Amino acid sequence: MKKHRKLNLLTALLAVTLLGALGCGLLPTPAPEVEIQFAAREEVVAAGECTILEWEVQGAEGYPVFLDGEEVDSSDWQEVCPPETTGYELVVAAPSGTQRERVIIQVRSEPGPAPTTPRPTTAPSVRTATPRP
């Protein structure tokens, strides 16, 4: 019985050594971790102004990258001129799962002209104070 244990231990040790010598090429290697950097140069713009969205995705070689549903390069930029507060989403479809980053550009309204109200056509009534005794 002791002889079989030594033989099993020796066989296991030999198998581990062989796999190590082969560089573990038989074992699956985990996919690299995807890292997304996604930002806007200005996150608040006035109505009618534009800003630049910039992104860099590392570990996504060979995986599709999308900006709001359109396929883009893994490292790029794009000018956007949102008419109102708008969110932009960068998505990486990796085997480890879909990864997303979101940037929101706030559009602030510039103060417009003062509202005009029509002037009354008749003179406003004037209240007079009654003297007190």
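Now for a description of the structure that goes with this document. Model, not experiment: these values are computed from the prediction. (Residues numbered from 1 in each chain as written. Predicted model: local features only at pLDDT ≥ 70, side-chain atom pairs only at ≥ 80, totals over all residues. Heavy atoms only, no water.)

Quick word on the side chain of threonine 51
Mapped onto the secondary structure, threonine 51 falls in strand S3 (residues 51–58). Looking at threonine 51, the relative accessible area reads 2%, which means it is buried. At 3.0 Å, the side chain of threonine 51 forms a polar contact with the side chain of glutamate 42. (Helix = DSSP H or I, 4+ residues; strand = E, 2+ residues; numbered from the N terminus. Buried < 20%, exposed > 50% of the residue type's maximum accessible area, 1.4 Å probe, protein only. Polar contact = N/O pair within 3.5 Å; in protein donor to acceptor, adjacent residues only side chain to side chain.)

Focus: the sheet that holds strand S5 (residues 70–72)
With mixed pairing, the five strands of this open sheet are ordered in space as S2-S8-S7-S4-S5. Whereas interior strands pair on both sides, the edge strands pair on one side only; in this sheet they are strand S2 (44–46) and S5. This sheet shows a mean twist of 30° between the axes of neighbouring strands, independent of strand direction. With three bridges joining them, strand S4 (residues 65–67) and S5 adopt antiparallel strand pairing. Of the residues in S5, the one forming a bridge with leucine 67 is glutamate 70. (Pairing = 2+ DSSP bridges. Axes fitted to C-alpha atoms, helices over the stretch in contact; angles between N-to-C directions.)

Some words on the sheet that holds strand S6 (residues 75–80)
A sheet is described by the order of its strands in space; here three strands give the open sequence S1-S3-S6, paired in antiparallel fashion. Only two strands of the sheet have a single partner each, and these edge strands are strand S1 (35–40) and S6. Strand-to-strand, the axes of this sheet are offset by a mean angle of 15°, without reference to chain direction. Sheet topology places S3 next to S6; six bridges connect them, and they run antiparallel. Residue pairing for S6: leucine 53 is matched across the bridge by glutamine 78.

Re the pairing of strand S7 (residues 86–94)
With three bridges connecting them, S4 and S7 associate as antiparallel partners. Following the sheet pairing, phenylalanine 66 is matched in S7 by valine 91. Hairpin connection, S7 to strand S8 (residues 97–108): the antiparallel pair is bridged by two residues.

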